[in-house]
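Listed below are the residues making up each chain.
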Amino acid sequence: MFSKQNSWFYRKVLCLRAEASIAWSILLLPITTALFVLLSRVSIFHPIQCISDALALLTASSSVFSLVLLSGVVVMMGILNFESHTVVPSIPCTRIAQLGKVLNPRQSFHSLVHAGLGMLVSWCAAVTIGGRYSTLVSACTQSESLDTNQMCLNEYHLLLLLSGAFMGYSHSFLGVLQNMEYVSFPVIQQYKYLRFKGALRHVVKCSAKQSLCSLRNFLLIYYFLGHVPKAWISTVLNLQEDSSLHALDTLAGLLDLPLFYHLWISGTFLLLTWHVQVLLFRIYISEAYSFPVQSSFPEETEDCLPKVLTCKDLPILKFLALQDLSSLSQHSAVRRWEVFSLSQPGGHPHNWNAISKECLSLLSELTQSLVSHHDAVASNGRSRSSSAPTPSKGGSVPPPAGSEGKALSGSNLSYIPKYTHLRYISDVPSPMLWSSPTDPKLVASPVQKPTQQPPPPAAEKPSFLSQWVQNRKEQLPEATSQALFADSQAHIWALEGLSHLVKASYTEDKFGVMQTTLPSILSTMLSLLEAVERHFKLPHASSKPARHACSMVDPTYKTLRFALRAALKTAIYRIANTFGQHLNDVHLSADHRKRMQQFLEHRE
């Protein structure tokens, strides 16, 4: 799946980090299970009895078996998270693309796996709670039953299992819609324990709230369609329905507060177990990694930073390398010296050339993408305006280009050219607009009534299906803007790394290796700034999307364009403040020189 030079990082770094997150999730299972047992058997009037019962249940063989199953679920979730994680979110720009993303066969399989794992967790919760939830089959309580061996379906157990399956499927479905597999990198590096401790309260709150929302939707569906799984399971297992109990797909059956509480607490336990694993995985996988800048051994050259930056088949490796570049450019004078050093023998700045070339290539690619998108939007707007003429106030349609003079010269005012700075009062302009009422020519020669031309034939109305498909194919402006900047975290680190290295070169670059690339660096940054500013003039590009109050979704990618714009201006100012008026001697185009002067005068 990966090239030979990148497989070492996948095996020795990424896999070990994923395994560590799974191990810690399993170690935290007894704590979350104990809290679930305590809350499921809570009793305000008998607290001591409640605690003793919970302790006895935790040491029972059924609880140990449940912990083993839950550990297997955590391992499966860890594998799914590891296989589906991404540092560049997939953002569909049209509703058709969004529908295709949800109905993808691979995603459908993942959703079914999540549903099965959710049902397994709910079964463990049912066994832990015990009582009326313990088994799927129970003895019938009908006194009039002739067959004493006849067994009935325990709908309470079935409801708990189905709720777990529904929450598992919803977790996967909402995850793909909201890019839950996206992994962002913290701006400030912290110890893993502090990151986990700071986010734990948010995780618990989100799990409880999401469980409540999912339970509401599930009970609504079960109210209308609950008879379907009941009838199917009863037929397959040859079970009867106990008529002495209220059916749970009725209003009277669902208005059971203990039942609602146990369903909610079980769903919270399910989501909390999964969300803790997701949190630990994000913390471990986004931990900073330090790459060597250069090596004395040829076989280790592929593991060094200049080579790793060119990685194409493993995006997280490239992101970690750019993060390391940003870090060393700010905090490590020894590693900066290695970047500016010359090769021996030969005396060539291979490290600086490779690093600067890759960073400039990244920035240039983004500039080209923004320019292409802007041109496409402009051409799309022109084609729409030309293909859909706007009728005038009287219902006439503007003529094609070049027909204005002909229409006016022949005293036929059916077609009137549309000017944005004039506002017509009627179809026929009054001569009072051009001359005074005492003009003898106007009195002697009244204006003739214009001849009305028949309107053009109406265009054929598209069918409902074609109109529906066309509406779904139209691009979503906010999603398109987010997709353009989906990988801009890499560009932010490239800007930070380049600008800090250029700043440090003023005192640390003894060989002057940076001077030859300074014009390219400034030109690339100024071109990107121009493209970014043009993009922000488009509709919806300058408005920040709403944030979810409580969700495990990482919304960082939605505001990357704002972070990139700030980082870009900061990088240019950093260079301008370091070199000052010396930048006037750098070879730049006239437009770039004028823009650079504004940064030197702090007018940006």
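Quick caveat, the model's predicted, so the values are computed rather than measured.

A. Summary view of the overall build of the protein. A count of helices and strands for the protein gives 22 helices and 2 strands. Taken over 604 residues, the protein has a buried fraction of 43%. Counting only contacts in the protein whose residues sit at least 6 apart along the sequence, the fraction spanning at least 24 positions is 78%. A total of about 33300 Å² of accessible surface is found on the protein, and carbon and sulfur atoms cover 62% of it.

B. Quick look at unusual backbone geometry. If you check the backbone angles, Asn179 has positive phi at about 60 degrees while not being a glycine. Residue position: Asn179 is located in the loop between helix H6 (155–177) and helix H7 (192–225). Exposure remark for Asn179: the relative accessible area of 3% places this residue in the buried category. Despite not being glycine, Asn238 has its phi angle at roughly 55 degrees, a positive value. Locating Asn238 in the fold gives a position in the loop between helix H8 (227–237) and helix H9 (251–254).

C. Here's a closer look at the packing of aromatic side chains. Using the criterion set out here, one finds 22 aromatic pairs in the structure. With a centroid separation of 5.5 Å and 85 degrees between ring planes, the pair formed by Trp8 and Phe9 is classed as edge-to-face. A relative accessible area of 0% means that Phe9 is categorised as buried. When the centroid spacing of 5.9 Å and the interplanar angle of 45 degrees are considered together, the rings of Phe340 and Trp352 count as tilted. Highlighted residues: Phe340 in helix H13 (residues 333–340) and Trp352 in helix H14 (residues 350–387), separated in sequence by 12 residues. Trp352 matches Phe340 in its accessibility class, with the two residues each being buried. Through a chain of ring-to-ring contacts, three or more aromatic side chains come together here, namely Trp8, Phe9, Tyr289 and Phe291. Across the ring face of Phe536, the terminal group of Arg565 is positioned such that the distance to the ring centre comes to 3.9 Å.

D. Structural view of the environment of Leu363. Summarising the element assignment, Leu363 is placed in helix H14. In contact with Leu363, not counting residues within four places along its chain, are His491, Ala494, Leu495, Leu498, Thr524 and Leu528.

E. Inspection of helix H19 (residues 488–508) at higher detail. Here H19 spans 29 Å end to end across 21 residues, near enough to the 30 Å set by a 1.5 Å rise per residue. Most of H19 is tucked away, with 16 of its 21 residues classed as buried.

F. Focus on the pattern of salt bridges. Tallied over the entire structure, the rule returns 12 salt bridges. In this structure, Glu287 and Lys192 form a salt bridge, with 3.3 Å as the shortest nitrogen-oxygen distance. Of this pair, Glu287 sits in the loop between helix H10 (257–285) and helix H11 (305–308) while Lys192 sits in helix H7, placing them 95 residues apart in sequence. Judged by relative accessible area, Lys192 falls into the partly exposed class, the value being 29%. Each of Glu155, Lys230, Glu241 and Asp249 takes part in one network of salt bridges that share partners.

G. Main features of the state of the cysteines. Taken as a whole and assessed by the stated rule, the structure comprises 1 disulfide. The disulfide that involves Cys140 links it to Cys152, with 1.8 Å between the sulfurs. Its S-S torsion of about 105 degrees marks the bond between Cys140 and Cys152 as right-handed, since a negative value means left-handed. Separated by 12 residues along the polypeptide, Cys140 in the loop between strand E1 (137–139) and strand E2 (151–153) and Cys152 in strand E2 bring together distant segments of the chain.

H. Representation of the packing of helix H5 (residues 105–129) against H10 in the model. Look at H5 against H10: their axes get within 10 Å of each other, and the N-to-C directions meet at 125 degrees. Classed by the angle they form, the pair H5 and H10 counts as oblique. Every pair of crossing elements has a handedness; the one defined by H5 and H10 is right-handed. Contacts from His114, Leu117, Gly118, Val121, Ser122, Ala125 and Ile129 in H5 reach His262, Ser266, Phe269, Leu270 and Trp274 in H10. Class assignment for the residues of the contact of H5 with H10 results in 7 nonpolar, 5 polar and no charged.

Criteria and cut-off values
Residues numbered from 1 in each chain as written. Predicted model: local features only at pLDDT ≥ 70, side-chain atom pairs only at ≥ 80, totals over all residues. Heavy atoms only, no water. Helix = DSSP H or I, 4+ residues; strand = E, 2+ residues; numbered from the N terminus. Buried < 20%, exposed > 50% of the residue type's maximum accessible area, 1.4 Å probe, protein only. Contact = heavy atoms within 4.5 Å. Areas by Shrake-Rupley, 256 points an atom, 1.4 Å probe, with all protein chains shown as cover. Phe/Tyr/Trp six-rings, centres within 6.5 Å; stacked < 30°, edge-to-face > 60°. Lys NZ or Arg CZ within 6 Å of the ring centre and 35° of its normal. Expected span 1.5 Å × (residues − 1). Salt bridge = Lys/Arg side-chain N within 4 Å of Asp/Glu carboxyl O. Disulfide = S-S within 2.5 Å. Axes fitted to C-alpha atoms, helices over the stretch in contact; angles between N-to-C directions. Parallel < 35°, antiparallel > 145°, perpendicular 65-115°, else oblique. Left-handed = near helix turned anticlockwise from the far one by under 90°. Nonpolar A, V, L, I, M, F, W, Y, C, P; charged D, E, K, R; others polar.

These results come straight from atomic positions and should not be treated as a statement about function.
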